[in-house]
Structures are given as structure tokens and as C-alpha cells.
Amino acid sequence: MQHTALPWRIAGLTLIAMLAFAGNSLLCRQALRHTPIDAASFTSLRLVSGALVLVLLVALRARAAAPGGGGAAGHARAPRPPPTAATAPSAAPRAPPPH
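Since we're looking at a predicted model, the values are computed, not measured.

### A word on the overall build of the chain
Looking only at helices and strands, the chain features three helices and zero strands. Listing the helices and strands of the chain from first to last along the sequence gives α-α-α. Here the chain holds 99 residues, and the buried ones make up 5% of them.

In C-alpha cells:
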């Protein structure tokens, strides 16, 4: 990636994040308008549920990073391709390349 593209990428990602937060705010206001829950209880519920999801994600990531792997992230690795003639170890020693 070129260094000149980085500021534009940061600005674009920042804009997307700001639009997502604004949309989330509008959706929350709409949800609160049609339910009997008050804003403080709704916010508390969202914070607790978000914290629980974060704890779950960290635990899954730590489990996948542990020796032996496992977990969802451990299964996401792509399988290695089979060795080719150029990469397969040879039983016979190779001759040194000519100078």
C-alpha cells in the first residue's frame, strides 16, 4: 500500500464508523420509542451484553492462540498445498550449482 493512500483510507474508514454510530443512535431511539424500557436500563443492557460478547471473543482468541490451537480461529487456517518437486525434500543430496 502506498503511503499517500493511507490518509484517504483512514478518512474513509472514519466516515464509515461515524455513519454506523449515527445509524445505531437512530435505531436505538426508534427502539426506545416503542418499548416500555427507559433509556438508562436500555443502555445498561447494551453495555453488559457488549462486554459479555467481548469476553467471549477474547476467550476464543486466547484458546485458538494456545499451543495445540483449537477454537473457531484455529479452524480458519488454510490447508497447506501439497509439496511440489521444487519444494519436496529429496532423499539424494543435491549437487552444488555451477559457478
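### Observations regarding the packing of helix H1 (residues 5–33) against helix H2 (residues 39–65)
Following both chains from N to C, one finds H1 and H2 inclined at 125°, their axes separated by 11 Å at the closest point. The pairing of H1 with H2 is recorded here as oblique in orientation. Here H1 and H2 pass one another in a crossing that is right-handed. The residues of H2 that touch H1, namely those facing Asn 24, Cys 28 and Leu 32, are Ala 39, Phe 42 and Arg 46. For the contact of H1 with H2, a count of residues per class yields four nonpolar, one polar and one charged.

### A short note on the environment of Thr 43
Position of Thr 43 among the secondary structure elements: in helix H2. As for Thr 43 and Cys 28, which are separated by 15 residues in sequence, their C-alpha atoms are 9.3 Å apart.

Criteria and thresholds
- Residues numbered from 1 in each chain as written.
- Predicted model: local features only at pLDDT ≥ 70, side-chain atom pairs only at ≥ 80, totals over all residues.
- Heavy atoms only, no water.
- Helix = DSSP H or I, 4+ residues; strand = E, 2+ residues; numbered from the N terminus.
- Buried < 20%, exposed > 50% of the residue type's maximum accessible area, 1.4 Å probe, protein only.
- Axes fitted to C-alpha atoms, helices over the stretch in contact; angles between N-to-C directions.
- Parallel < 35°, antiparallel > 145°, perpendicular 65-115°, else oblique.
- Left-handed = near helix turned anticlockwise from the far one by under 90°.
- Contact = heavy atoms within 4.5 Å.
- Nonpolar A, V, L, I, M, F, W, Y, C, P; charged D, E, K, R; others polar.

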